[in-house]
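Read off the chains here:
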Amino acid sequence: MNKFVNVLVRMVRVLVRPLFPVKVYGEKNIENKKSLIVGNHLSGWDPIILTMWTKNVLSFVYKAEFRKIAFLRWVFDGLDCVPVRRGDADLTATKSILHLLKNDKAVFLFPEGTRNPNVDCLQTFHAGAALFALKTHAPIRPFYIWDKTKACKKNYILIGDEFTLDELYDKPINHETLAQATAIIKSKVDELRIRLNAYLAGKGIKRRKLTKKEMRKLEEYNKKQRTFVKQVAERHGATADQAEDGDGDK
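Draft legend 1. Molecular detail of the side chain of Asn116. Examined against the element boundaries, Asn116 turns out to sit in the loop between strand S5 (106-109) and helix H5 (128-136). Accessibility expressed as a relative area gives 3% for Asn116, which makes it buried. Every residue in contact with Asn116, bar those within four places of it in the chain, is listed here: His41, Leu42, Cys121, Leu122, Gln123 and Tyr221.

Written out as structure tokens, the structure reads:
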């Protein structure tokens, strides 16, 4: 990690914090040691607010398209961040993440793989985080971001306790093991979602209203989800309602 970029980011985040007020519950002082920091993904600002509101500056995974911007490329390279090409198996990114972990570094990951327009639930988690954790025995720290980040709108983050997948270390790393590990990781993030939502609801805190653009994206997302449920139901000989309720044929 480039020391100059590290110092620059620490200085800039002091200036930027007032524009993005965030209340963090849980451990803010995340050590830069071998670990995976995983959670939901709502906005392109997610890595930024995590960097701004945790005490250490850590590496994170970001979409490769941002490398087209020279300044961002310089900053991200200086922070040992990992660009990922979405839509295909990016072996270079995989090797970079494994290299960071094996060199005792922490990495922020978003297992959903893309931004989720529905803030009330989690999307399917990809198996990458599980693979890295099983290969390196890295501990995992989950987090949950409550709402999509907007300037001057208060947001909330809950950072959970570290856990490991040690119960799976002796198993072969195959499709079944990765599915089990991914389910564990997702359940830990989902627990934080339930806890934070309940806590803020008890305080009478409500999310801001969606913009028209956000509403359109949410409607498109929900339509795709309904289509997917219908396709799954048809493959398994169940009705869509049964599939949604988990009552379809296995």
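After that view, the rundown keeps rolling.
Draft legend 2. Focus on a positive patch on the surface. There is a patch of like positive charges on the surface, built from Arg86, Arg115, Lys212, Lys213, Arg216 and Lys217. The topology assignment puts Lys212 in helix H7 (residues 212-235).

Draft legend 3. Local environment of helix H4 (residues 91-102). In a regular helix each residue adds 1.5 Å, so twelve residues correspond to 16 Å; H4 covers 16 Å between its end C-alpha atoms and thus fits that length. What H4 keeps buried is the set Ala93, Ile97, Leu98, Leu100 and Leu101. On an axial view of H4, the arc spanned by its buried residues comes to 160°, and they lie on one face. Residues of H4 that are exposed and point over 90 degrees away from its buried face: Leu91, Thr92, Lys95, His99 and Lys102. Buried positions along H4 lie against strand S2 (35-39), strand S3 (59-63), strand S4 (82-84), S5 and H5. Asp104 sits one or two positions beyond H4 and adopts a positive phi of about 65°.

Here is what the cut-offs are and how they apply
Residues numbered from 1 in each chain as written. Predicted model: local features only at pLDDT ≥ 70, side-chain atom pairs only at ≥ 80, totals over all residues. Heavy atoms only, no water. Helix = DSSP H or I, 4+ residues; strand = E, 2+ residues; numbered from the N terminus. Buried < 20%, exposed > 50% of the residue type's maximum accessible area, 1.4 Å probe, protein only. Contact = heavy atoms within 4.5 Å. Patch = residues over 30% accessible without salt bridge, like charges linked within 9 Å, V, L, I, M, F, W, Y side chains within 5 Å. Areas by Shrake-Rupley, 256 points an atom, 1.4 Å probe, with all protein chains shown as cover. Salt bridge = Lys/Arg side-chain N within 4 Å of Asp/Glu carboxyl O. Lys, Arg positive; Asp, Glu negative; His and termini not counted. Charge placed at Lys NZ, Arg CZ, Asp CG, Glu CD. Expected span 1.5 Å × (residues − 1). Arc of directions from axis to C-beta.

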